[in-house]
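Next come the chains, spelled out residue by residue.
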Amino acid sequence: MNFKATITLTIMVMLISLSGHAIADNPSGDQRKDEALVILTSDSLQTQGMVMILANAMLEQGTDLDILLCDAAGHLAVEGYESADAIATPPSNPAGQVKPEGILKMLMENGADVDVCAIYLPNSEYDESNLLEGVGVATPEKIGQKMSDPSIPVHSF
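Notes on the structure in this doc start here. (Residues numbered from 1 in each chain as written. Predicted model: local features only at pLDDT ≥ 70, side-chain atom pairs only at ≥ 80, totals over all residues. Heavy atoms only, no water.)

### Topic: the pairing of strand 1 (residues 35-40)
- Most of strand 1 sits out of view: five of its six residues are buried.
- Relative to strand 2 (residues 64-69), strand 1 runs parallel, the two sharing six bridges. Residue pairing for strand 2: glutamate 35 is matched across the bridge by aspartate 64.
- Note that the unit made of strand 1, helix 2 (residues 45-60) and strand 2 has a crossover that is right-handed.
- Where strand 1 and strand 7 (residues 154-156) come together, three bridges link them in parallel fashion. Bridge pairing links valine 38 to histidine 155 in strand 7. (Buried < 20%, exposed > 50% of the residue type's maximum accessible area, 1.4 Å probe, protein only. Helix = DSSP H or I, 4+ residues; strand = E, 2+ residues; numbered from the N terminus. Pairing = 2+ DSSP bridges. Right-handed = clockwise from strand over helix to strand, strands pointing away.)

Right, here's the structure in full:
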């Protein structure tokens, strides 16, 4: 066997070995879906709006998205809440002016999971009945598990 054939055979064996590991890690052969956790606490209208726009981009790219709303951002999940103003969107977005709570509702309709922090309701004038349909109350265990999983990126604003 010549040198070129030996190198080719070695590379093939390595590729087969690596693909075997990938199958062992994911026996169904399904491609792992990307996940992300977005934590929003800011009361800034522009920050809330940009986070919703970025979350929408992630969702459109196939990311399994969890959104956690804490502190003043928790108000976005309250039925009937309306931001004082709308924000202008980037020139690439034809929507013109939007409100963060409107984008949040759209994200939920498109599959994003939305929760308020476990301490949001006890420290506000609201209870679970005031939340938008589909919004949950996060448990520290659930969020802690996601935050400690190195395969799930956490974005905090």
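### Let's talk about the environment of lysine 33
- Structurally, lysine 33 is set in the loop between helix 1 (3-25) and strand 1.
- Sequence-wise, lysine 33 and aspartate 64 are 31 residues apart; in three dimensions their C-alpha atoms are separated by 6.8 Å.
- Other than its neighbours up to four places away in sequence, lysine 33 contacts Gly62 and Asp64. (Contact = heavy atoms within 4.5 Å.)

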